[in-house]
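# Observations on the three-dimensional arrangement
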Amino acid sequence: QVQLVESGGGLVQAGGSLRLSCAASGSIFNINRMGWYRQAPGKQRELVARITSGDNTYYADSVKGRFTISRDNAKNTVYLQMNSLKPEDTAVYYCNANIAVTAGSAWYLYWGQGTQVTVSS
């Protein structure tokens, strides 16, 4: 019943920018933490950035100063602004969100289907 849908991926030259979006829909009562992960070919999925409901943020060292995570609670959407992209940023990017579907229900972690980001040199 809960879906996360990413958009905004694509092909960009090194030094360019992309903005990813991830919208949560369905039966949602509340969302606390939201985040972005990425997985490059042959590598494990890694945390890129996350943001709490209080807008506290965390970034992986590899993206600090280049990527910015933000959220629009009214739209149940999290964004990832990616600037100064490098070829090593090439990966499938996934969003996730910790969601409660009703008041008092347990929190579950939901994932999107992923969006490809390719940075050419």
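Refer to the preceding data block for the structure.
### With respect to the pattern of salt bridges
Pairing between side chains of opposite charge can happen when the charged atoms of each approach one another. Following the criterion strictly, the structure yields four salt bridges and no others. Here Asp89 ties to Arg66 by a salt bridge, and the two come within 2.8 Å at their closest N and O atoms. Of this pair, Asp89 sits in the loop between strand S8 (77–82) and strand S9 (91–100) while Arg66 sits in the loop between strand S6 (57–59) and strand S7 (67–72), and the two are 23 residues apart along the sequence.

### Quick notes on the packing of aromatic side chains
When we look at a pair of aromatic rings, we describe it by the centre distance and by the angle of the planes. For the coordinates displayed, the defined rule picks out one aromatic pair. Residue placement shows Arg50 over the ring face of Tyr58; its charged tip is 4.9 Å from the ring centre.

### Section: the nonpolar core
In terms of nonpolar packing, the biggest core is built from 29 residues, with Trp36, Leu80, Met82 and Tyr93 touching the most fellow members. Sorting the residues of this core by element identifies strand S3 (18–25), strand S4 (30–39), strand S5 (46–51), S7, S8, S9 and strand S11 (115–120) as the ones contributing at least two each. When residues in this core are grouped by element, the largest group, five residues, is from S9. Not counting residues up to four positions away in its chain, the partners in contact with Tyr93 are Glu6, Leu20, Trp36, Tyr37, Arg38, Val48, Phe67, Leu80, Met82, Gly114, Thr115 and Val117.

### Some remarks on the side chain of Asp89
A residue is classified by how much of its surface remains accessible, and Asp89, at 0% relative accessible area, is buried. In terms of polar contacts, Asp89 uses its side chain to reach the side chain of Arg38, at 2.9 Å. Among the polar contacts listed, one links the side chain of Asp89 to the side chain of Arg66, at a separation of 2.8 Å. Apart from the residues within four sequence positions on either side, Asp89 is in contact with Arg38, Arg66, Phe67, Ser84, Val117 and Val119.

So, how was this worked out
- Residues numbered from 1 in each chain as written.
- Predicted model: local features only at pLDDT ≥ 70, side-chain atom pairs only at ≥ 80, totals over all residues.
- Heavy atoms only, no water.
- Salt bridge = Lys/Arg side-chain N within 4 Å of Asp/Glu carboxyl O.
- Helix = DSSP H or I, 4+ residues; strand = E, 2+ residues; numbered from the N terminus.
- Phe/Tyr/Trp six-rings, centres within 6.5 Å; stacked < 30°, edge-to-face > 60°.
- Lys NZ or Arg CZ within 6 Å of the ring centre and 35° of its normal.
- Core = buried A, V, L, I, M, F, W, Y, C linked by side-chain atoms within 4.5 Å.
- Buried < 20%, exposed > 50% of the residue type's maximum accessible area, 1.4 Å probe, protein only.
- Contact = heavy atoms within 4.5 Å.
- Polar contact = N/O pair within 3.5 Å; in protein donor to acceptor, adjacent residues only side chain to side chain.

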